[in-house]
Amino acid sequence: FFFKQKTAYEISLGLVGAWFLQAAPAIHEALAGKDASYGAQLVAELGVAAAVFFIPTALMGALFSHLIGAVTERHTGYAYALNTLGSALAPFVFGLVALPKLGFTNALYAVAYGYLAVFVGYAVLTLRSNNALHTGRSGDLSLRVIAVAVIALVAAEALAPKALSLAAPPKGWH
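Chains are numbered independently. Their residues run from 1 in the order of the written sequence. Residue-level local features of this predicted model are given only where pLDDT is at least 70; pairs of side-chain atoms are given and counted only at 80 or more, and the full residue set underlies all totals for whole chains, interfaces and linings. Side-chain metrics rest on all non-hydrogen atoms present in the structure, leaving aside hydrogens and water.

1. Examining the overall build of the protein chain
Part 1 of the reasoning: Only DSSP runs of H or I covering at least 4 residues are called helices, and only runs of E covering at least 2 are called strands; the numbering of each starts at the N terminus. If you tally the helices and strands in the protein chain, you get six helices and zero strands.
Part 2 of the reasoning: Listing the helices and strands of the protein chain from first to last along the sequence gives α-α-α-α-α-α.
Part 3 of the reasoning: Three exposure classes are used, based on accessible area relative to the maximum for each residue type with a 1.4 Å probe and protein chains only: buried under 20%, partly exposed in between, and exposed over 50%. Within the protein chain, the fraction of its 174 residues that count as buried is 26%.
Part 4 of the reasoning: For the protein chain, contacts bridging at least 24 residues in sequence account for 70% of all contacts bridging at least 6.
Part 5 of the reasoning: Using a 1.4 Å probe, accessible areas were evaluated by the Shrake-Rupley method; residue-level cover was limited to the displayed protein chains. On the protein chain, roughly 11,300 Å² of surface is accessible, and the fraction owed to carbon and sulfur atoms is 70%. Whether two residues are in contact is decided by their heavy atoms, any of which lying within 4.5 Å being enough.

2. Things to note about a nonpolar patch on the surface
Part 1 of the reasoning: Here a patch means residues that are over 30% exposed by relative accessible area and free of salt bridges, tied together within 9 Å if like-charged and within 5 Å if nonpolar (Val, Leu, Ile, Met, Phe, Trp, Tyr). Each reported salt bridge corresponds to a side-chain nitrogen of Lys or Arg within 4 Å of a carboxyl oxygen of Asp or Glu. A grouping of Leu82, Leu85, Leu89, Phe92, Val93, Leu96 and Val97 is seen on the molecular surface, where their side chains present a nonpolar patch of about 730 Å² in accessible area.
Part 2 of the reasoning: Counting through the fold element by element, Leu85 comes out in helix 4 (residues 73-129).

3. So, the nonpolar core
Part 1 of the reasoning: What we call a nonpolar core is a set of buried Ala, Val, Leu, Ile, Met, Phe, Trp, Tyr and Cys residues that are connected through their side-chain atoms within 4.5 Å. Counting nine residues, the largest nonpolar core is built from Phe20, Leu21, Ala24, Val48, Ala51, Val52, Leu108, Tyr109 and Ala160.
Part 2 of the reasoning: Sorting the residues of this core by element identifies helix 1 (2-22), helix 3 (38-70) and helix 4 as the ones contributing at least two each.
Part 3 of the reasoning: Per-element tally for this core: the top contributor is helix 3, with three residues.

4. Some points on the environment of Ala79
Part 1 of the reasoning: Here Ala79 is to be found in helix 4.
Part 2 of the reasoning: Of the residues examined, Ala79 reaches a relative accessible area of 15% and is grouped as buried.
Part 3 of the reasoning: The sequence separation of Ala79 and Phe64 amounts to 15 residues, and the corresponding C-alpha distance is 9.0 Å.
Part 4 of the reasoning: When neighbours within four sequence positions are excluded, Ala79 is seen to be in contact with Phe64 and Ile68.

5. Side note on helix 2 (residues 24-32)
Part 1 of the reasoning: Listed as buried for helix 2 are Ala24, His28 and Ala32. Each buried residue of helix 2 sits inside an arc of 45 degrees when the element is viewed along its axis, so together they form one side. Exposed residues lying more than 90 degrees from the buried face of helix 2 are Ala26 and Ala30.
Part 2 of the reasoning: Immediately beyond the C-terminal end of helix 2, within one or two residues, lies Gly33, with a positive phi of roughly 85 degrees. For this quantity, the arc is that covered by the directions from the helix axis to the C-beta atoms.

6. A few points about the environment of Tyr80
Part 1 of the reasoning: Structurally, Tyr80 is set in helix 4.
Part 2 of the reasoning: For Tyr80 and Ile68, which are 12 residues apart along the polypeptide, the C-alpha to C-alpha distance reads 8.2 Å.

7. Structural notes on the side chain of His28
Part 1 of the reasoning: Tracing the backbone through its elements, the reader meets His28 in helix 2.
Part 2 of the reasoning: Judged by relative accessible area, which is 7%, His28 ranks as buried.
Part 3 of the reasoning: In contact with His28, other than residues within four places in its own chain, are Gly33, Gln41, Ala44, Glu45, Val48, Leu166 and Ala167.

8. Details of the confidence of the model for the protein chain
Part 1 of the reasoning: The predictor rates its confidence in each residue with pLDDT, a number between 0 and 100. Of all residues in the protein chain, 76% have pLDDT values of 70 or greater, and the mean over the chain is 75.
Part 2 of the reasoning: Predicted confidence in the protein chain is weakest over helix 5 (residues 132-135), with a mean pLDDT of 51, and strongest over helix 2, with 86.

9. Side note on the environment of Ala24
Part 1 of the reasoning: Take Ala24: it is sitting in helix 2.
Part 2 of the reasoning: When the C-alpha atoms of Ala24 and Ser165 are compared, they prove to be 9.9 Å apart, with 141 residues separating the residues in sequence.

Shown next, in the form of structure tokens:
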């Protein structure tokens, strides 16, 4: 039961973030207007970033607390250790490797695909440990859910804006 609930929650998180990212230009225009000053455009871009990242990030924090509640007491420390390790390494990997090598947009999608790979790996391991893949009980449904998650992320990337910078500086601005 927990796996199905967590799977639905993860897919919802991805879709909410993807929808906000796809709607970013429209949200930006609604906040700043067409002929807004550069400062107003930057404030609107900050609002768009908050919409794109705040809701999924808050929900991911809630998901981690549910995950801690689902693991045994013996494994709680491992979960916190892995979460802390990821939190410590991510800024360096993203800021020093991914951004300079891939650029903002491709780095964001690389992170999204990385999370998707972790999610699919976790899902397959969970299904294997529950023998769902071998007995066919709920394995077929779970594999369909994983396929939907993969298709949804690829579709969201196709619909997302190609440039993540929505504010344009005035001509001659350095």
